[in-house]
Amino acid sequence: MATPTVAVVYGHGAANLAQIAKAAQNLTDILFVMDSRDEDARAFADILPKFGAGVVDLATATDADLKRLLAPATGILTYADGLIERTSRIAALLGLPYHSEATARLLMDKQLQRETLNRALPAATPVAVVRTRADLAPAAAAVGFPLVAKPLTGCASAFTYRCDTAAELELRLGDSLDRGHGAAWAIEALLRPGRHPAGDWLGDYVSVESLTVDGVTRHIAITDKLPLALPFRETGMVSPTALPPAAQDEVLALAGDAVRALGVAHGLTHTEIKLTPDGPRIIEVNGRLGGFVARLIERASGLDLVRLGLRAALGLPVGDPAPVFRSASVWFGVVPPQARVKVTALSPARQLRALPGVWRVERLAEAGDVLDWEFGSGQRAADLWADAPGLDAVPSLLERLAAESADVVTFERI
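To keep things clear, this report deals only with the structure shown in the data block. Treat the numbers as computed from the prediction; the structure is a model and nothing was measured.

1. Focus: the environment of Val33
Then, in step 1: If you trace the backbone, Val33 turns up in strand β2 (residues 29–34).
Then, in step 2: A relative accessible area of 0% places Val33 in the buried class.
Then, in step 3: Placed 225 residues apart in sequence, Val33 and Ala258 show a C-alpha to C-alpha distance of 29 Å.
Then, in step 4: Among all residues touching Val33, those that are not within four sequence positions of it are Ala7, Val8, Val9, Tyr10, Val56, Leu58, Leu70 and Ile90.

2. Overview of the nonpolar core
Then, in step 1: One finds Val8, Ile20, Tyr79 and Leu310 to be the most contacted residues of the largest nonpolar core, which totals 58 residues.
Then, in step 2: The element contributing the most residues to this core is helix α12 (residues 305–314), with 7 residues.
Then, in step 3: Ignoring anything within four residues of it in the chain, the contact list for Ile20 reads Val8, Tyr10, Ala15, Ile30, Phe32, Tyr79, Val306 and Leu310.
Then, in step 4: By size, the runner-up hydrophobic cluster in this structure holds 29 residues, among which are Val330, Leu346, Leu355 and Ala386.

3. Regarding the pairing of strand β13 (residues 279–286)
Then, in step 1: Counting buried positions along β13 yields 6 of 8 residues, so the element is predominantly enclosed.
Then, in step 2: Inspection of the sheet shows strand β12 (residues 267–276) paired to β13 by 7 bridges, in the antiparallel sense. Bridge pairing in β13 links Lys274 to Arg281.

4. Details of empty space enclosed by the protein
Then, in step 1: The full count for this structure, using the stated rule, is 2 cavities of 30 Å³ or more.
Then, in step 2: In this model, the largest cavity occupies a volume close to 100 Å³.
Then, in step 3: For the lining of the largest cavity, the elements supplying multiple residues, two or more each, are β4 (75–78), β12 and α12.
Then, in step 4: Residue composition of the lining of the largest cavity, by class: 7 nonpolar, 6 polar and 1 charged.
Then, in step 5: Quantified by volume, the second largest cavity comes out at close to 60 Å³.
Then, in step 6: Among the secondary structure elements, those contributing two or more residues to the lining of the second largest cavity are α6 (101–108), α7 (110–120) and β13.
Then, in step 7: In the lining of the second largest cavity, the residues fall into 4 nonpolar, 1 polar and 6 charged.

5. Overview of the layout of surface pockets
Then, in step 1: In this model, the second largest pocket occupies a volume close to 260 Å³.
Then, in step 2: In terms of lining, the second largest pocket is formed by Pro151, Phe159, Tyr161, Leu171, Arg172, Asp175, Ser176, Arg179, Ala183, Ala184, Trp185 and Glu374.
Then, in step 3: By residue number, the principal contributor to the lining of the second largest pocket is helix α9 (residues 166–179), which donates 5 residues.
Then, in step 4: Residue composition of the lining of the second largest pocket, grouped by class: 7 nonpolar, 1 polar and 4 charged.

The rules we used
- Residues numbered from 1 in each chain as written.
- Predicted model: local features only at pLDDT ≥ 70, side-chain atom pairs only at ≥ 80, totals over all residues.
- Heavy atoms only, no water.
- Helix = DSSP H or I, 4+ residues; strand = E, 2+ residues; numbered from the N terminus.
- Buried < 20%, exposed > 50% of the residue type's maximum accessible area, 1.4 Å probe, protein only.
- Contact = heavy atoms within 4.5 Å.
- Core = buried A, V, L, I, M, F, W, Y, C linked by side-chain atoms within 4.5 Å.
- Pairing = 2+ DSSP bridges.
- 1 Å grid on protein atoms, 1.4 Å probe; cavity = no way out; pocket = protein on both sides within 12 Å on 5 of 7 lines; lining within 4 Å.
- Points joined across faces, edges and corners; volume = space filled by probe spheres on them.
- Nonpolar A, V, L, I, M, F, W, Y, C, P; charged D, E, K, R; others polar.

Below you can see the structure in the form of C-alpha cells.
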C-alpha cells in the first residue's frame, strides 16, 4: 500500500521539523509548503528537504502549480499561527478538509473573533478596533479602563499592553498609529483577575487543546499555566491540569461552545481561558496546536499531538484522544524583567541540566544579546523542561527552578 502524503504549510510555530518528522514516521510522507519571502522560512529552506518528500515554495508557485505539485497530498495542516489563513486557501484550492476560509479569518482577526464570541456566548467582552489616533478615544469609551491593547493579528503576546488611562493608551499606541504601515489594534476590556483553585503557584488561566473532525470536537487536554510576567508574557506550563473535575467540566464546555461559534469543522484548536471570579471566560481561540503543549503532554503521557493532527488531516480514526498521564511535566521559561535588557551572563546548558528534575535545556540567548519585553513571550533567555512524579511535587520543583535559574542568568537594563 502506498504511503499517504500530508502537505504541511511550514513556518515558525508550535511544532518544529524534528517533531513533525518523528510524528510522521510509519504514518505519512510530508510535503512541506513554505514561502521563501519569509525570513523565518528562509532559515529552514536548506534543511526542509531532509525532513520531507519535497518542498513547494509559495513565492513562485501559481494556483495551477499548487494543484499539480500538491496533487499527492490527501491532507493538509499547519502548526504555525501566521499561516492559518494561507493554509485554508490552499486547502480550498485542493478540496481538502481544513478550517474554512471564513473560520480561518475569525481565528486570526481578534476583533472579528471577539465580536462573534460575544454574540454566541453568555458573557460578552467589549471590543473595539483602532486604526488611527482619532479612534483611540471612542474605542476607550466603548471598552472602558482598564483595557488590553494588542495587534489585530498576532501571537505570543507581542506588543500587548495593559492600559489603565487614556494617557497610557496614547503612549503605547500613538507612535505606531502615526507611522501607519497598516497597523491595526484590538482594544478589549481587561478580564477580571481570578485565582487557580490549586493555589497561587499557578496562573489564573488555562488552555484547552481540541481536535475537530467533521464538525465533532473532541477535547484532548487542559494545560495549566504559571503566573504571567508583566504584562502578559508566558512563563511556563504544567501538565496535567490541577483543576478539580467540576472546574474542568466548565472550562471544556466553554471551549467547545467557542469552537462551535467560530465554525470550526476540521482541525486543531488551542483555546485560552481566564479563570475569573465570575467563572471561566474566553481569552482567545487559536486555530492550531498550542506552543510547547505537544512536547509537554507527550512527556507526561506519551500522546503525540503532532501525530494526532497528521492522522486527522489524513482522515484516519483518532478515537478518544484524551491522554492518560503517568507523571507531571513542566515547561519553565527564564524570562527577563519588563524592560529592554542585555544578557550579561548565562551559564552553560550542562549547568542548567544539573538543576533538579530538568531533562531538557534550550538556550535561547547568549551573553551580549538584547531582549525586549515588548516583543512578547518569545523573548526568553532559556527554556527548562522538568519532570515530577506527580502534581503534588510540582510546587516545590517550581520553587527550586525559580531560585536556581536566577543564579545562572543575569540581565542589565539598557
